[in-house]
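Architecture and fold: a report
Here is what each chain is made of, one letter per residue.
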2 protein chains.
Amino acid sequence: MRTLAADLVHHDGKLVEVSGWIHRIRDMGKINFLLLRDRSGIAQLVLEEKPEISLETVVTVKGMVAANEKAPGGYEVQVTEIAVLAPAAPDLPIPVNQDADKLGIEAVLDNRIISLRIPKIRSIFKLQAGIVDYFGEHMRSEGFTEIKSSKLIGSGTEGGTGLFTVEYFDTRVFLAQSPQFYKQAMVSSGMERVFEIGAAYRAEKHETNRHLNEYVSLDVEMGFIESEHDLMDIEVRILKHIFARVKEEHQDVLDLYGADVPEPEATENIPRISHDEAKKIISDRLGRKVFEISPEGERVVCEWAMEEYGIDAVFVHSFPRKKRPFYTYPDGQKTKSFDLLFRGLEITTGGKRINEYGMLLETLPKFGLTEEGLKDYCTIFKYGCPPHGGFAIGLERLTQKILGLSNVKEASLFPRDRKRITP
Amino acid sequence: MRTLAADLVHHDGKLVEVSGWIHRIRDMGKINFLLLRDRSGIAQLVLEEKPEISLETVVTVKGMVAANEKAPGGYEVQVTEIAVLAPAAPDLPIPVNQDADKLGIEAVLDNRIISLRIPKIRSIFKLQAGIVDYFGEHMRSEGFTEIKSSKLIGSGTEGGTGLFTVEYFDTRVFLAQSPQFYKQAMVSSGMERVFEIGAAYRAEKHETNRHLNEYVSLDVEMGFIESEHDLMDIEVRILKHIFARVKEEHQDVLDLYGADVPEPEATENIPRISHDEAKKIISDRLGRKVFEISPEGERVVCEWAMEEYGIDAVFVHSFPRKKRPFYTYPDGQKTKSFDLLFRGLEITTGGKRINEYGMLLETLPKFGLTEEGLKDYCTIFKYGCPPHGGFAIGLERLTQKILGLSNVKEASLFPRDRKRITP
């Protein structure tokens, strides 16, 4: 029966069997200390004879548990038997047991198969798995149903740019940029409240620390809303829940990164300002007039929110119509839409959608679209669709910002960018 | 404040506001009954005047709740005010309020946007959302971590056939057939136990009631297993949990389909027979010698299991080596692999994987593969990978078989097949 490293504390003075990877070998002359790594943590092994094995070898070890305050977790295993389950080549391309921060991002990503063995790096994805779980947990608690929509679409709802093309038998389809079409269809079907956790694709030639060509989108869509503020309200509740659960379950990961999540009261305080107000605040603080909210502007307006509201986040609403997709509910020359900026980065785009068939038909030509070209989409609205809206949170961006990672690619297990299609 | 149809029972004699779609209109002369559909169910509305609205119109209604044993749920709303939120065109392409079973599958799928409004059809996806939830619930309870791997891969681990090609900037990549490569990488990274809920793509020209070109795969991979039986054990525990939770939460959907899930004791009883034994049983029962397990054979061997073990399911293990991918752990001319057949259909393929670098290098050329061609994959094993294995459950097939649907496409929200790329 295998015992995990983290459970040695419950086996003081008993014989145990532990299994894992050899993380470190320390030859102290008469005695040898080996650190063994398993999914729960690190166990110290004590051997009199130095075993002829290399780092990363997978072993199963038998021995007696003894207290040792210098050992990780306060207990060690005095080894009586060691069996190699799988040997490891001695030429590790990058070190697994040294300070991960000394590796540049290119080394980390070029050697992804090995760099994920580094506990600090792998811990990003323990926390990320938590975010996925807590997101679903919260959505279900508010009566939302999880959907799984197709990622292969006949045409792009957000226009034809930025789409990857797939050869599909004798025709060509696209990879979905978002489940927009489908989540609106499901609201209108009577499911009313849906969420999806799925891949989204953007064929954009960005080469920045904030873009991925494939990412995981935490999507929400909700019927019978009064206004876009209902959506911001629900996003606040989602984030409060995620932050609280992350703190509860992953304080160890937060500590590794010297990071913390906002307090619930602070999260409730996230200010809501219009796009015009945001530009004014940014202009004032930068000392020059800005006409767009650039990445620098996003940082500046989050700093403002921190000073004024005690939270490094801000909802920016009322974006101009020309900056939003055709399906955004208009409000004069503005729209009932919003972004959420968190710690200087846009992590959400959302808004109320056009739900009235007549308004949709009037809008399409203004965006160079036709009812024929969007026949299935228009069917959603032709037969009665309630007022609704939604938003999406970028999973990797949220992970990045919670942990303070400098590049969003660090928060993607196997990131895809213009040049990176492996491993 | 909106009240849901299912909650009218708690508001007897009170004024409420209900919102939803007009599901049915019944003109009884002096009085009119309208059925209103919302995400919770159906509410009966009573009006003296017949409103000028068509079916599927979205309305908000105010009125008094009164007991009426003939109304759905035993209560109705005596309407004082009705407001149209979104009108519906009168030319519904298929009826929403009639017996769904009278519609052929082509009508259901060609009119997917509308057919999902039919409560019985939509209920499939309430139950399916449950399966996704309960699968994750169980995996986490056994220490598994959820991963999200890339679906864009530089090369196919299972060989180059059956892959969809994606134009990726100046190069070409493929849509992943499974997260095989990545889940093994994550076991080897030290995460040890991982699961993924994600899309899988098969560019196969099937046109059957059991194939989809895009489906949702419930993937599991686990390190430090003793044998492939550990994997079958865990699949039994997963299915027991899913079946129990489905029964607890979705008895209404099971009732709509006249379906039921296997009892826990029966699920524990699923027999495990070799591929050779399965062929013998099928040959005996068909009265002719079979050399493959065809769809007919899958049905026959499940019938045998039902008669002998009281469960319409069977694990078939020890598949011949030439029938399994290169990474399957060999056992002479056989392999340490298995399928799970459930109610006459294969819903799982799995097995122990080769974890020894030397064995992998010996195996590759036998399958026409090279270390150079699978460099990243081989790196997983070069630096110490524990014994491990895994499997995948097809979400749509499991849903289909739980409900007794005749075609797997009915269990996909927006199915993709050779001809179907919309909606």
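Thresholds, definitions, all that
- Residues numbered from 1 in each chain as written.
- Chains lettered and ligands numbered in written order.
- Predicted model: local features only at pLDDT ≥ 70, side-chain atom pairs only at ≥ 80, totals over all residues.
- Helix = DSSP H or I, 4+ residues; strand = E, 2+ residues; numbered from the N terminus.
- Buried ≥ 20, exposed ≤ 12 C-beta atoms within 10 Å, placed from the backbone.
- Contact = placed C-beta atoms within 7 Å.
- Least-squares fit on C-alpha atoms with pLDDT ≥ 70 in both.
- Pairing = 2+ DSSP bridges.
- Axes fitted to C-alpha atoms, helices over the stretch in contact; angles between N-to-C directions.

Let us now look at the overall build of chain A. The helix and strand inventory of chain A stands at 12 helices and 18 strands. Judged by the C-alpha coordinates and their principal axes, chain A covers about 85 × 55 × 40 Å. A buried classification covers 50% of the 423 residues belonging to chain A. A separation of at least 24 residues holds for 62% of the contacts in chain A among residues at least 6 apart in sequence.

Turning our eyes to something else, we now look at the relation of the copies chain B and chain A. The two copies are related by a screw motion: chain B maps onto chain A through a turn of 180° and a shift of 0.0 Å along the axis, at an RMSD of 0.1 Å. Expressed as an axis order, the relation between the two copies is that of a two-fold axis. Looking at the rotation axis and the C-alpha trace of chain B, the residue lying nearest is Val166(B), at 2.2 Å. Residue by residue, 100% of the interface of chain B is reproduced at the interface of chain A, so both copies engage with the same surface.

Right, let's talk about the sheet that holds strand E9 (residues 171-175) of chain B for a bit. If you trace the six strands from one edge of the open sheet to the other, you get E7(A)-E9(A)-E8(A)-E8(B)-E9(B)-E7(B), paired in antiparallel fashion. Either end of the sheet is taken by a strand with one partner, and the two such strands are strand E7 (152-153) of chain A together with strand E7 (152-153) of chain B.

It is worth spelling out the interface of chain B and chain A at this point. Taken together, the contact between chain B and chain A spans 74 residues of the former and 74 residues of the latter. Among the elements that line the side of chain B that touches chain A, the one with the most residues is helix H3 (residues 119-141) of chain B, at eight residues. Bridge analysis of strand E8 (residues 165-168) of chain A against strand E8 (residues 165-168) of chain B gives three bridges, and the strand direction is antiparallel. Bridging across to E8(B), Thr165(A) finds its partner in Glu167(B).

This paragraph deals with the environment of Gln98(B). Note on placement: Gln98(B) falls in the loop between strand E5 (75-86) and helix H1 (105-110). Residue Gln98(B) is classed as exposed on the basis of its C-beta count, with 11 C-beta atoms lying within 10 Å.

Cis geometry marks the peptide bond from Thr422(A) to Pro423(A), where omega comes out at -10°. Note that Pro423(A) resides in the segment after helix H12 (395-403). The phi dihedral of Phe224(A) falls on the positive side, at around 60°, and the residue is not glycine. Structurally, the position occupied by Phe224(A) is in the loop between strand E11 (214-223) and helix H5 (228-249). Despite not being glycine, Arg343(B) has its phi angle at roughly 50°, a positive value. Counting through the fold element by element, Arg343(B) comes out in the loop between strand E16 (337-342) and strand E17 (345-352). Given 20 C-beta atoms within a 10 Å radius, Arg343(B) is considered buried.

Glancing now at the sheet that holds strand E5 (residues 75-86) of chain A. Residues and elements named next belong to chain A. Read around the closed barrel, five strands run E1-E2-E3-E5-E4, paired in mixed fashion. Strand-to-strand twist of the sheet, defined as the mean angle between neighbouring strand axes without regard to direction, takes the value 55°. Summarising the sheet, strand E4 (residues 58-67) and E5 pair through 10 bridges and their orientation is antiparallel. Across the sheet, the residue bridging to Met64 is Gln78, located in E5.

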